[in-house]
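What the coordinates show
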Amino acid sequence: MNEAARETDVLVIGGGPAGMMAAIRAAMRGRSVVLLEKNQRVGAKLDITGGGRCNIANDEPDVRALLSRYGDASEFLFSAFARFGLPEARTFFESRGMPLVTQARQRMFPKSEHAPAVTKLLKKAMQESGVAVETDMRVTELSLSDDGSIATVTCADGTRFAPHSVVLATGGLSHPETGSTGDGFRWLARLGHAVHEPNPSIVPLETDPSDDWIPQLAGTSLSFMKISFYSEGKRAFSKTGKLLFTHFGISGPLILNSAKQVGDLLMNGPVAAAIDLYPDTEFDALERRVRAAFDANKNKEVKNLLPSILPAGMANAIIAQHVIADVKTPVHSVTKEERRALVHVMKALPLTIVGRMGMDRAVVSDGGVDLSEVDTRTFRSKKIPNLFLVGDILHISRPSGGYSLQLCWTSGAVAGDNA
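Residues numbered from 1 in each chain as written. Predicted model: local features only at pLDDT ≥ 70, side-chain atom pairs only at ≥ 80, totals over all residues. Heavy atoms only, no water.

1. Quick word on the pattern of salt bridges
- Overall, the coordinates contain 14 salt bridges when judged by the stated rule.
- Its salt-bridge partner being Asp 59, residue Arg 90 comes within 2.8 Å of it at the nearest N-O pair. In this pair, Arg 90 is assigned in helix α4 (residues 86-94) and Asp 59 in the loop between β3 (57-58) and α2 (63-68), connecting sequence segments 31 residues apart.
- The class of Asp 59 is buried, set by a relative accessible area of 19%.
- Of the charged contacts, one joins Glu 301 and Lys 303 as a salt bridge, the two residues approaching to 3.4 Å between their closest N and O atoms.
- For Glu 301, a relative accessible area of 29% translates into the label partly exposed. (Salt bridge = Lys/Arg side-chain N within 4 Å of Asp/Glu carboxyl O. Helix = DSSP H or I, 4+ residues; strand = E, 2+ residues; numbered from the N terminus. Buried < 20%, exposed > 50% of the residue type's maximum accessible area, 1.4 Å probe, protein only.)

2. Things to note about the sheet that holds strand β4 (residues 100-102)
- Taken in spatial order, the three strands of this open sheet run β3-β5-β4, and their pairing is antiparallel. In the strand order of this sheet, the two ends are held by β3 and β4, each with one partner.
- Examined bridge by bridge, β3 and strand β5 (residues 107-110) share two bridges and lie antiparallel to one another. Residue pairing across strands places Asn 58 opposite Arg 107, the latter belonging to β5. (Pairing = 2+ DSSP bridges.)

3. Let's talk about the environment of Ala 320
- Relative to the elements of secondary structure, Ala 320 occurs in the loop between α12 (315-319) and α13 (336-347).
- What makes Ala 320 partly exposed here is its relative accessible area of 26%.

4. Some remarks on empty space enclosed by the protein
- Taken as a whole and judged by the stated rule, the model has one cavity of 30 Å³ or more.
- The volume enclosed by the largest cavity comes to roughly 50 Å³.
- Those elements that provide at least two residues to the lining of the largest cavity are α11 (302-309) and α12.
- The residue inventory of the lining of the largest cavity, partitioned by class, reads eight nonpolar, one polar and no charged. (1 Å grid on protein atoms, 1.4 Å probe; cavity = no way out; pocket = protein on both sides within 12 Å on 5 of 7 lines; lining within 4 Å. Points joined across faces, edges and corners; volume = space filled by probe spheres on them. Nonpolar A, V, L, I, M, F, W, Y, C, P; charged D, E, K, R; others polar.)

5. A few points about helix α6 (residues 183-190)
- Those residues of α6 not exposed but buried are Asp 183, Gly 184, Phe 185, Trp 187 and Leu 188.
- Buried-residue contacts for α6 involve β1 (6-13), β7 (139-144), β9 (160-168), β10 (195-196), β19 (368-369) and β22 (387-389).
- Just beyond α6, the residue with positive phi is Gly 192, at close to 100°. (Contact = heavy atoms within 4.5 Å.)

6. Thoughts on the sheet that holds strand β14 (residues 234-245)
- The strand order around the closed barrel built from six strands is β12-β15-β14-β13-β16-β17, with neighbouring strands paired in antiparallel fashion. For this sheet the average axis-to-axis angle between neighbouring strands, irrespective of direction, equals 45°.
- In the sheet, strand β12 (residues 205-207) pairs with strand β17 (residues 349-356) via three bridges, with the strands oriented antiparallel. Along β17, the bridge assignment pairs Glu 206 with Gly 355.
- In the packing of α13 onto the sheet, the strands contacted are β16 (271-276) and β17, and the crossing angle to β16 comes to about 105°. (Axes fitted to C-alpha atoms, helices over the stretch in contact; angles between N-to-C directions.)

7. Considerations on the confidence of the model for the protein
- Looking at the protein, the pLDDT average stands at 90 and 94% of residues meet or exceed 70.
- A low-confidence stretch, residues 174-180 (pLDDT under 50), is modelled with 29 contacts involving residues beyond four sequence positions or located in other chains. (pLDDT = per-residue confidence, 0-100.)

8. Brief notes about the packing of aromatic side chains
- Summed over the entire model, instances satisfying the criterion amount to six aromatic pairs.
- Taken together, a centroid distance of 5.0 Å and an interplanar angle of 85° make the contact between Phe 92 and Phe 93 edge-to-face. The same class applies to Phe 92 and to Phe 93, which are both buried.
- By way of ring pairs, the aromatic residues Tyr 70, Phe 81 and Tyr 403 are connected into one cluster.
- Above the face of the Phe 109 ring, Arg 53 is positioned so that its terminal group lies 4.1 Å from the ring centre.
- The lysine or arginine in question, Arg 96, covers the ring of Phe 92, its NZ or CZ lying 4.0 Å from the ring centre. (Phe/Tyr/Trp six-rings, centres within 6.5 Å; stacked < 30°, edge-to-face > 60°. Lys NZ or Arg CZ within 6 Å of the ring centre and 35° of its normal.)

This is the structure we're talking about:
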């Protein structure tokens, strides 16, 4: 015989940043709150975010400028960000003893740059506010009552809950090793929500194996580069920022924030790209600089001169382009045409993109519930009256740089204030 369902005011499903914030805010209002996490611990994905440093928010004081980074979703989010935006998130963490610092591109981090410290802070806040956290609890079913609200939530071990409100915070599909396996998407589709198919939106790019110089540069980063992407012979777009070479292709903030647009271009086949190693230097000025270096080192072999005129680690990449037939040639024997070809490659190092990496390497995936089906003033479902949807369960595209976690803090807090 099944035991009676356990009653609670608010049941939060998912122990990521949005779920923990929702649980804390609901408990601070005096509600009885149970948080269910299918892993053995909460915050598994949060602990590795930002390369383990935790890019906790973006320090953009202009709300409209901040919201513009959420694309088409921005029009839905003004009310929520007015209730709990960047100032409130900053206060939440700093008032609990976690100083924050702002770094390049307005990215905000804990001063410790230690992501697990953020999880620790949230766990302590849940404990202090009275949230009952239950781990190793995998939800298998959400059952509706006759009025269309969620009546019971059932777990794999047979435990059932009868919540007044449910906050669904199961995340998207990025980093599935942390438990983000799309459970929430499947439940919501069965419950009648329109769910956009998830795709890796902030993800490294895979290059053509014929660009065999790229794996040789794995681990090399370039701090300020411009990359242009081409489709069907025409430049589609360009972006500037930090780039990282990997054993499978290219990554880093510049690439992660280009991946969604590149994914659209890939629908038409492989995408040509070119890296400008000197985006702040015009071609003619760079040619003069190279000529001066050649004139000052006439008797050196080309391969020994290149490291002094290129960003660190890039000599072999340039050599691989074969613009100078024999890099053991003395500099004084290099022709004017070869030298000019070298400058062209420095301004447009060619490579070919053949795909985006999968969900296992994605920082963020898009997909999820269409915002037209959510009251984003409260994050309550318009279809299921006692269901709240937060974080990556929502179909909101955004770049890297703290925007994803800010969305978690905002949606979680607003849902917790209303559940």
